[in-house]
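Remarks on the overall topology
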Amino acid sequence: MPVVDVHTHMYPPAYMQLLRNRTSVPYVKSFPDDPTAGDRLVILPAEDTASTSRGRPIGPEYYDVNEKLAFMRKHHIDISVVSLANPWLDWLPSNEAAETARQVNDDVERMCAEHESKLYAFGTLPLSAPAEQVVEEIERLASLPHHRGIIMGTTGLGSGLDDPALDPIYAALEKHQQLVFLHPHYGLPTSVYGPRASDYGHVLPLALGFPLETTIAVTRMLLSGVWDRFPRLNVLIAHSGGTLPFLAGRIESCIAHDAHLKKLGKLENRRDVWSVLKENVFLDAVIYSEIGLKAAIDASGVDRLMFGTDHPFFPPLDESETEWLSVKLNSQAVQSALEDEEKVDAVMGGNAARILRLPG
Ligand code: 5CU
């Protein structure tokens, strides 16, 4: 059974150039006040401040395919399904988005073809472009031999994933059976982290902002009836579903007790969160502990869970460490949550091979 990493990012060369040409988030640059820090990648809304949390170091592990392959060898990963890292193309002017998406997706398709049977990809969409152009790229991606779906964030066309203007895009994704890898980026408003937020590095936005952003986005999709209108739309939710497996019961209870929804007749004939979790949702196993992973397994089923690393994010702070702690925590969580070797193999790669049509 292959070991497959479904949550692993890159910034292909065409995208790196765009980041290097920019001076506002997202951008890559070195800072004259800290010449020893080298190039820094500044992508998160909360990290563009002159503090210890200003971006993170960026090196070839973010853009060089040889670094990806070396990481895979070191961690015994046979196949990686790479995706563009956040914030994707969300920030591009509308008139540049479609052409840039084609260039980035073609760069990645070429890279996968050069490493046959080792690299596959989730494509990226020009979400700031008109919906017809987004649909065109979905159709084009469906014909690229190494692409297995698309990655996107939680903002959709600018108003979130419950926006009815997304319906043609959901329809195209459903029609072409393109799996949506849903990934956070924006977190929560920085005010919730308080006046001492910069004392705490990136912990609050990454540990809590990311998963809550994802949970809110998926709940809005559910409340707006996306899965009632598109019952075959499949979503791979990052970080084991944010907090969705843990909060699903509370979400359902709040819906069942909501007088406003009842008055609008929205409590009848709707798909509940449990059925969506078991029929439309896939979860990665990027949660770093057995407890969170067990909740994900209980919510969606062991056959819908897929191993991931989040490489190149979360590298070891001590460069002498060879095996990455972040990877070890995720693979140990799979082992201890499941014990049964067949199920472990399924989560580590068998499920991904089946779901994403990868060499088994
Ligand atoms: O460390 C981070 O900021 C990130 C990020 O931005 N995106 C991601 O996928 N993981 C970690």
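Preceding this section is the structure that the text describes.
What this report covers is the structure whose coordinates are included nearby. Just so it is clear, the structure is predicted and the values come from calculations on it, not from any experiment.

Within the secondary structure, Arg-357 sits in the segment after helix H14 (341-355). Residues in contact with Arg-357, not counting those within four places in the same chain, are Arg-148 and Ala-352.

Moving on, we come to a negative patch on the surface. On the surface, Glu-339, Asp-340, Glu-341, Glu-342 and Asp-345 cluster together into a negatively charged patch. If you trace the backbone, Asp-345 turns up in helix H14. Given a relative accessible area of 34%, Asp-345 falls into the partly exposed group.

In spatial order, the strands read E1-E5-E6-E7-E8-E9-E10-E11; together these eight strands make up an open sheet with parallel pairing. Looking along the sheet, the strands with just one partner apiece sit at the ends: strand E1 (4-10) and strand E11 (305-306). Relative to strand E9 (residues 235-237), strand E8 (residues 179-182) is paired through three bridges, and the arrangement is parallel. Bridge assignment links Leu-182 to a residue of E9, and that residue is Ile-237.

A word on the environment of Gly-160. Its place among the elements puts Gly-160 in the loop between strand E7 (147-152) and helix H5 (167-175). The exposure class assigned to Gly-160 is buried, which follows from its relative accessible area of 5%. Setting aside anything within four residues of it in sequence, one finds Gly-160 in contact with Thr-154, Thr-155, Leu-166 and Arg-220.

To continue, consider the nonpolar core. By size, the foremost hydrophobic cluster in this structure holds 67 residues, and its most contacted members are Tyr-170 and Leu-233. Residue contacts for Tyr-170: discarding those within four places in its chain leaves Met-152, Leu-161, Met-221, Val-226, Phe-230 and Leu-233. In terms of nonpolar packing, the next biggest core, distinct from the first, is built from 39 residues, Leu-41, Ile-79, Ala-97 and Ala-129 among them.

Structurally, the position occupied by Asn-280 is in the loop between helix H11 (273-279) and strand E10 (281-284). A distance of 2.8 Å separates a polar atom in the side chain of Asn-280 from the backbone oxygen of Pro-231. Here the side chain of Asn-280 touches Leu-233 through a polar contact of 3.0 Å, landing on its backbone oxygen. In this structure Asn-280 touches Trp-227, Phe-230, Pro-231, Arg-232, Leu-233, Asn-234, Val-235, Arg-271, Ser-275 and Arg-304, once residues within four positions along its chain are discounted.

What counts, and where the lines are drawn
Residues numbered from 1 in each chain as written. Predicted model: local features only at pLDDT ≥ 70, side-chain atom pairs only at ≥ 80, totals over all residues. Heavy atoms only, no water. Helix = DSSP H or I, 4+ residues; strand = E, 2+ residues; numbered from the N terminus. Contact = heavy atoms within 4.5 Å. Patch = residues over 30% accessible without salt bridge, like charges linked within 9 Å, V, L, I, M, F, W, Y side chains within 5 Å. Areas by Shrake-Rupley, 256 points an atom, 1.4 Å probe, with all protein chains shown as cover. Salt bridge = Lys/Arg side-chain N within 4 Å of Asp/Glu carboxyl O. Lys, Arg positive; Asp, Glu negative; His and termini not counted. Charge placed at Lys NZ, Arg CZ, Asp CG, Glu CD. Buried < 20%, exposed > 50% of the residue type's maximum accessible area, 1.4 Å probe, protein only. Pairing = 2+ DSSP bridges. Core = buried A, V, L, I, M, F, W, Y, C linked by side-chain atoms within 4.5 Å. Polar contact = N/O pair within 3.5 Å; in protein donor to acceptor, adjacent residues only side chain to side chain.

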